[in-house]
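# Descriptive structure summary
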Amino acid sequence: MQKPEAAASGRPRHLLHVFSTFAIGGPQRRFVDLANRFGRRFRHTIVALDGNEACATALDPGLDVSFLRMTIDKGRLWHNLRRWRREIAALAPDLLLTYNWGAIEWALANRFWPLCPHVHFEDGFHPDEVQGQKRRRVLMRRLALGKTKQVVVPSRTLHRMAHQIWRLPARKVLYVPNGIEAGRYGAPPPPLEPSLPGEGKVIGTLATLREEKNIGRLIRAVAALGEPNVRLVVA
């Protein structure tokens, strides 16, 4: 959403992004790809709450990007909310974007008497929520995201959770699947060339080795192929 004065002046729209970390990862790389594609149509302020800004190296140096260095005072919710609200008011962004559970306090700070429109992104499960959502986090999401313009999720499971468990209106939850060109896999692939003589075919994955990634299922699936010349590489 663009403020009327921004549209009238033709100035770049100012986006405030809040990440728990700006280390190299899926949400960060997605943002970088989009920011690089849109160029100077937008001005970006990025908050990395753990101070890790490693993914900044992938940003186009021609972009208008600044980093706001702030840390969470753990156990001091109301103190943090006042700080976040002051920062949002001072920056006066056209849009606040928060990413995953680690940034939920910023969403809550903008919840009552919103200072700007807000979009929230949820990309997956926290490692300690593999077996189910924690009640405290469910209640916090219900409260913090109540006035959010849009909650964006990359899976049908998260879409269902946002609607049924977090009780967000279906019209506010937007399912945007990960950008994989599924058509490329609609036909059997050509025979794979061995990477080295005698190694056979290689199936690979690049993933964090956490329980919710379910690498064990991939191992079982490859084993079920019954192909002696297939090798699985987990990076």
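Here the structure is shown first, and the text comes after it.
Source: prediction; values computed, not measured.

### Overview of the overall build of the chain
On a plain count of helices and strands, the chain comes out with seven helices and nine strands. Over its C-alpha atoms, taken along the principal directions, the chain stretches across nearly 65 × 45 × 35 Å. Expressed as a percentage of its 235 residues, the buried residues of the chain come to 34%. Looking at the chain alone, contacts between residues at least 24 apart form 59% of all its contacts between residues at least 6 apart. Put simply, the chain shows about 14200 Å² of open surface, and 56% of that area lies on carbon and sulfur atoms. Averaging the positions of the 37 positive and the 20 negative side-chain charges in the chain gives two centres separated by 9 Å.

### Focus: the environment of Asp-123
Within the fold, Asp-123 resides in the loop between strand 5 (118-121) and helix 5 (135-144). Spatially, the C-alpha atoms of Asp-123 and Asn-178 are 9.9 Å apart, while their sequence positions differ by 55 residues. A distance of 2.6 Å separates the side chain of Asp-123 from the side chain of Arg-30, its partner in a polar contact.

### Some points on the nonpolar core
With 30 residues, the main nonpolar core has Leu-16, Val-18, Val-47, Trp-84, Ile-104, Trp-106 and Leu-168 as its most contacted residues. At the level of elements, strand 1 (13-19), helix 3 (77-91), helix 4 (104-109), helix 5, strand 6 (150-153) and helix 6 (156-164) are the ones that each hand at least two residues to this core. Among the elements that make up this core, the one with the highest residue count is helix 4 (five residues). Those residues in contact with Val-47 that sit more than four places away from it in its chain are Leu-16, His-17, Val-18, Phe-19, Leu-68 and Trp-106. One finds Phe-31, Ile-46, Leu-63 and Val-119 within the second-largest nonpolar core, a separate group that totals 18 residues.

### A few points about empty space enclosed by the protein
The final tally for this structure, using the stated rule, is one cavity of 30 Å³ or more. Within this model, the largest cavity holds a volume of roughly 40 Å³. Every residue lining the largest cavity is listed: Ala-107, Asn-110, Arg-111, Pro-114, His-118, Ala-144, Lys-147 and Thr-148. Its residues assigned to classes, the lining of the largest cavity shows three nonpolar, three polar and two charged.

### Here's the deal with the packing of aromatic side chains
Under the criterion given, the structure shown has eight aromatic pairs. Both rings, one in Phe-19 and one in Phe-31, keep their centres 6.0 Å apart while their planes meet at 55 degrees; by these two values the pair is tilted. On the criterion of sequence distance, the pair formed by Phe-19 in strand 1 and Phe-31 in helix 2 (residues 26-38) is long-range, its members being twelve residues apart. Per residue, the accessibility class of Phe-19 equals that of Phe-31, and both read buried. Their ring planes at 10 degrees and their centres at 3.9 Å tell us that Phe-19 and Tyr-99 sit as a pair that is stacked. Taken together, the positions of Phe-19 in strand 1 and Tyr-99 in strand 4 (residues 95-99) put the pair 80 residues apart, joining distant regions of the chain. The pair formed by Phe-19 and Tyr-99 is uniform in burial state, with each residue classed as buried. Following the ring pairs from residue to residue traces out a cluster consisting of Phe-19, Phe-22, Phe-31, Phe-67, Tyr-99 and Phe-121.

### As for the sheet that holds strand 5
With parallel pairing, seven strands are arranged side by side in an open sheet as 3-2-1-4-5-6-7. The open sheet has two free edges, formed respectively by strand 3 (64-68) and strand 7 (173-175), since each of these has just one partner strand. Each adjacent strand pair in this sheet contributes to an overall mean axis angle of 20 degrees, direction not counted. Taken together, the five bridges between strand 1 and strand 4 define a ladder with parallel strand orientation. Bridging across to strand 4, Leu-16 finds its partner in Leu-96. Helix-sheet contacts for helix 3 involve strand 1, strand 2 (42-48), strand 3 and strand 4, and the interaxial angle to strand 1 is about 160 degrees.

Criteria and cut-off values
Residues numbered from 1 in each chain as written. Predicted model: local features only at pLDDT ≥ 70, side-chain atom pairs only at ≥ 80, totals over all residues. Heavy atoms only, no water. Helix = DSSP H or I, 4+ residues; strand = E, 2+ residues; numbered from the N terminus. Buried < 20%, exposed > 50% of the residue type's maximum accessible area, 1.4 Å probe, protein only. Contact = heavy atoms within 4.5 Å. Areas by Shrake-Rupley, 256 points an atom, 1.4 Å probe, with all protein chains shown as cover. Lys, Arg positive; Asp, Glu negative; His and termini not counted. Charge placed at Lys NZ, Arg CZ, Asp CG, Glu CD. Polar contact = N/O pair within 3.5 Å; in protein donor to acceptor, adjacent residues only side chain to side chain. Core = buried A, V, L, I, M, F, W, Y, C linked by side-chain atoms within 4.5 Å. 1 Å grid on protein atoms, 1.4 Å probe; cavity = no way out; pocket = protein on both sides within 12 Å on 5 of 7 lines; lining within 4 Å. Points joined across faces, edges and corners; volume = space filled by probe spheres on them. Nonpolar A, V, L, I, M, F, W, Y, C, P; charged D, E, K, R; others polar. Phe/Tyr/Trp six-rings, centres within 6.5 Å; stacked < 30°, edge-to-face > 60°. Pairing = 2+ DSSP bridges. Axes fitted to C-alpha atoms, helices over the stretch in contact; angles between N-to-C directions.

All we've got here are geometric facts, nothing functional implied.
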